[in-house]
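Chain residues, written in single-letter form:
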Amino acid sequence: MKKELYFVKLGGSVITDTQKPSTPRKAEISRLLGEIQVAREAKDFQIILGHGGGSFGHFPAKKYRINEGIINSDSMKGFVETQNAMHNLNMLITDAAIKAQLSPHPFTPSSFAYSSGKKIVGGTLEGIRNSLDAGSMPIVHGDGMSDSRQGISIASTEEVFRFLLSGIKPDKIIIGTDMDGVFDSDPRTNPSAKLIPVVDSSNIDAILSSSASGAQKVDVTGGMKTKLETLYGMVKSTGAQGYIANASKPRVIENLLMGNHVECTSVRL
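Residues numbered from 1 in each chain as written. Predicted model: local features only at pLDDT ≥ 70, side-chain atom pairs only at ≥ 80, totals over all residues. Heavy atoms only, no water.

Draft legend 1. Just the side chain of T157, in detail. Following the sequence through the fold, T157 ends up in helix 7 (residues 157–164). Side-chain polar atoms of T157 contact the backbone oxygen of H51, separated by 2.8 Å. If we skip the residues at most four places from it in the chain, T157 touches K9, G50, H51, G52, H141 and G142. (Helix = DSSP H or I, 4+ residues; strand = E, 2+ residues; numbered from the N terminus. Polar contact = N/O pair within 3.5 Å; in protein donor to acceptor, adjacent residues only side chain to side chain. Contact = heavy atoms within 4.5 Å.)

Draft legend 2. Broad picture of the environment of I139. Here I139 lies in strand 6 (residues 137–141). In the structure, I139 is positioned 130 residues away from K9 in sequence and 9.6 Å away in space, judged by C-alpha atoms. Excluding residues within four positions of it along the chain, I139 makes contact with L49, H51, N90, I93, T94, A97, P104, H105, P106 and F107.

Draft legend 3. Structural view of the nonpolar core. Formed by 39 residues in total, the largest nonpolar core has its most connected members in F7, I48, F112, F161 and L228. Among the secondary structure elements, those contributing two or more residues to this core are strand 1 (5–10), helix 6 (126–133), helix 7, strand 9 (172–177), helix 8 (204–210) and helix 9 (224–238). Setting aside residues up to four positions removed in sequence, F7 forms contacts with I48, F161, L164, L165, I168, P170, K172, I173 and I174. (Core = buried A, V, L, I, M, F, W, Y, C linked by side-chain atoms within 4.5 Å. Buried < 20%, exposed > 50% of the residue type's maximum accessible area, 1.4 Å probe, protein only.)

Draft legend 4. Representation of the side chain of K9. If you trace the backbone, K9 turns up in strand 1. The contact partners of K9, leaving out residues within four places of it in the chain, are G50, H51, G52, T157, E158, F161, I174, I175, G176 and K227.

Draft legend 5. Spotlight on the pattern of salt bridges. Within the structure shown, the criterion is met by 12 salt bridges. A salt bridge links R65 to E68; the nearest nitrogen and oxygen atoms lie 3.0 Å apart. The partly exposed category is assigned to E68, whose relative accessible area is 42%. Salt-bridge contacts for R251 lead to E254; the nearest nitrogen and oxygen are separated by 3.1 Å. Owing to a relative accessible area of 46%, R251 belongs among the partly exposed residues under this scheme. Each of E28, R31 and E35 takes part in a single network of salt bridges with overlapping partners. (Salt bridge = Lys/Arg side-chain N within 4 Å of Asp/Glu carboxyl O.)

Here's what the structure looks like:
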């Protein structure tokens, strides 16, 4: 019987201190990798793990305006600094995954894919498929990409996931953030904000046009609105179960992987 496959993203706001450049939250990283291992031991599934850039990738990417392409003589310097920062964070995640005995296999997106106009348009998935077949846990992340239209650009982890769908079909996609899900207004500034428990074809257009506003932190890949829009597109194209949940709360990711109910936003057709 074929194992179920899950895509899981650990948001940069959860695994790093977004107010301080290149500052990991090591305890949170260890906790989350431990939760994944507990769930995988209890329920045998495959997983592709992704993580955001947080205070590692986003600071140099914003400073050098990488998502605008090659715009001046410092652009390539900033591009390499961004990639190097993401590599450093990826190694921290990989080390924690090794300690959690998750058989990690890191993949740098810019080494297997390329973009055009800020969208990944091609590449190869053979390495990741082979890794899954071997029983490993591929790890991907947001990355600086070679871009045929503007020279360079940034791909979010959600964008990398979207590209993976061209040849790899997940049963569940979990986007772990530092919020309980999608709200009708910003809960950080509005104490009366209400969680939207389900997003589907009946309300997606209204939500995208009026709420799910972008994040207030430094984020060059888009905030909650972009995350929701991309996740809904992935759910629509695959039929997978989608979730936006609070990974900063203990056992939320573990319970979602186990199929247990948690307070979050469920994204479906």
